[in-house]
Amino acid sequence: MKTVFSPLHSLRSVKTELDGGILIEPHEKPSRAETILARVKSQTLGEVIEPEEFGLAPVKRVHTPDYVAFLEHCWADWVAEGKPGEAIPAVWCGRGMRPRMPKDIDGRLGYFSFAAETSISAGTWEAACASANVALTAQKLVANGERAAFALCRPPGHHAHADLFGGYCFFNNAAIAAQAFRDQGYERVAILDVDFHHGNGTQAIFYDRSDVLTISLHGDPDLVFPHFLGFEDETGEAEGEGYNLNIIYPPGTPYSEWSKGLETACKRIADFQPGALIIALGVDTFEEDPISFFKLKSKDYFSLGQRIEHLRLPTVFTMEGGYDVDAIGVNVVNVMQGFEGRA
Ligand SMILES: NCCCCCC(=O)NO
Ligand SMILES: [Mg+2]
Ligand SMILES: [Zn+2]
């Protein structure tokens, strides 16, 4: 399996994450991607290639022009106002207020975000663009005949809405790849999000559509991020009714339980008969993950990869979450080796 990787990910190197009332070293840090890359190479998973440049057109098939323009200029606008730290949203449109786009950077940060943990600084824009190009390059490999490709995306994307950032995400790489398949004539595309957290952005982007099936397995949003979306009664709307599926689990869920939801998801995907499958791959389902509460073991990721392969679909993997950096390389590559039958 080929891996697509961009060294430009390291331009995303913020020093802060708001957590527990203090600014901590971000969980979503450059060493995550470097560790995965090292494991891809040490396990000779396959060729590693750099992304092609696709420009902003395919990004704007998912994200709004105002949002893209905001992300491009955010850091410069923030610095121009003489702010001392990294750009962090601190004000939002609360219930009963007016959801119009403010001029000021503080207002725009809140208007275009849904959470406060995702700081922005120099290089964030460039890294987010590179991450989208990584996903589009993997999508092109698969559209051109590869059975599967691994988009080693950083920053991740599944929390990003059409015009919202948060949860360490800016561009929804999986959604951008899905829309690229659709624009290239694939009638139906399925996105399966196996990250510990709900793929709220992915759900929202396709919520009223029946051409892209969105499924997410995740921790109960009543207990964990993103808190305000991802419940099992969210099944799609209008044309999209029946084309969104959320499967939630409690703290301590082991693979033996979690895999029942995986089975349900795979059966729904098989029924949908998509021409392509995108796996939003987070490994923060791991038992040692610092911010999550499932209990998957490293060996379980082989099984996950094997089950996905049994769908017999052209498959793009987009890297999402996973914060136990010591184990992230093994867990991610275990999925790929399971997929390739090299478990
Ligand atoms: N306290 C912020 C938690 C953000 C979760 C990021 C993630 O892993 N999403 O998949
Ligand atoms: Mg998920
Ligand atoms: Zn996650």
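The structure this text deals with has already been given above.
Residues numbered from 1 in each chain as written. Chains lettered and ligands numbered in written order. Predicted model: local features only at pLDDT ≥ 70, side-chain atom pairs only at ≥ 80, totals over all residues. Heavy atoms only, no water.

(A) Examining the overall build of the protein more closely. Looking only at helices and strands, the protein features nine helices and ten strands. The globule rule puts the C-alpha radius of gyration for 343 residues at 20 Å, and the 19 Å found for the protein is close to it. Considering the protein as a whole, with its 343 residues, one finds that 58% of them fall into the buried category. Partitioning the intrachain contacts of the protein with sequence separation of at least 6 by distance along the chain shows that 76% fall at a separation of at least 24. Per element, the accessible surface of the protein, about 13,300 Å² overall, is 53% carbon and sulfur. Distance from the positive charge centre (30 side chains) to the negative charge centre (47 side chains) of the protein: 3 Å. (Helix = DSSP H or I, 4+ residues; strand = E, 2+ residues; numbered from the N terminus. Rg over C-alpha atoms; globule rule 2.2 N^0.38 Å. Buried < 20%, exposed > 50% of the residue type's maximum accessible area, 1.4 Å probe, protein only. Contact = heavy atoms within 4.5 Å. Areas by Shrake-Rupley, 256 points an atom, 1.4 Å probe, with all protein chains shown as cover. Lys, Arg positive; Asp, Glu negative; His and termini not counted. Charge placed at Lys NZ, Arg CZ, Asp CG, Glu CD.)

(B) Here's a closer look at helix H8 (residues 300-309). Among the ten residues of H8, seven are classified as buried, and the element is accordingly described as predominantly covered. Here H8 has its buried residues at Asp 300, Tyr 301, Leu 304, Gly 305, Arg 307, Ile 308 and Glu 309. On its buried side, H8 packs onto helix H7 (255-272), strand S9 (276-281), strand S10 (315-319) and helix H9 (325-339).

(C) Highlighting the sheet that holds S10. Strands sit in the order S4-S1-S5-S10-S9-S6-S7-S8 across an open sheet of eight strands; the sheet is parallel. Since the sheet does not close on itself, it has two edges, and those belong to strand S4 (48-49) and strand S8 (244-249), each with one partner. Bridge count for strand S5 (residues 148-151) against S10 is four bridges, and the pairing is parallel. Considered in S10, the bridge of Phe 150 is made with Phe 317. Packing against the sheet, H7 makes contact with strand S6 (189-193), strand S7 (212-219), S8 and S9, and its axis sits at approximately 175° to S7. (Pairing = 2+ DSSP bridges. Axes fitted to C-alpha atoms, helices over the stretch in contact; angles between N-to-C directions.)

(D) Main features of the coordination of the zinc ion (ligand 3). Taken together, the protein donors to the zinc ion (ligand 3) comprise Asp 195 (OD), His 197 (ND1) and Asp 284 (OD), at separations of 2.0 to 2.1 Å. The coordination sphere of the zinc ion (ligand 3) comprises six donor atoms, whose angles at the metal cover 30 to 160°; the geometry is irregular. For the zinc ion (ligand 3), all donor residues lie on one chain, and their spacing in sequence is D-x1-H-x86-D. Here the residue His 197 occupies a position in the loop between S6 and helix H6 (200-206), and Asp 284 occupies one in the loop between S9 and H8, the gap between them amounting to 87 residues. By relative accessible area, which is 0% here, Asp 284 ends up buried. (Donors = N, O, S within 2.8 Å, 3.2 Å for Na, K, Ca; no water. Tetrahedral: all angles 85-135°; square planar, octahedral: opposite > 155°, others 65-115°.)

(E) Region of the structure containing the environment of Asn 133. Tracing the backbone shows Asn 133 in helix H4 (residues 124-143). Between the alpha carbons of Asn 133 and Pro 84 there is a distance of 31 Å; along the sequence they are 49 residues apart.

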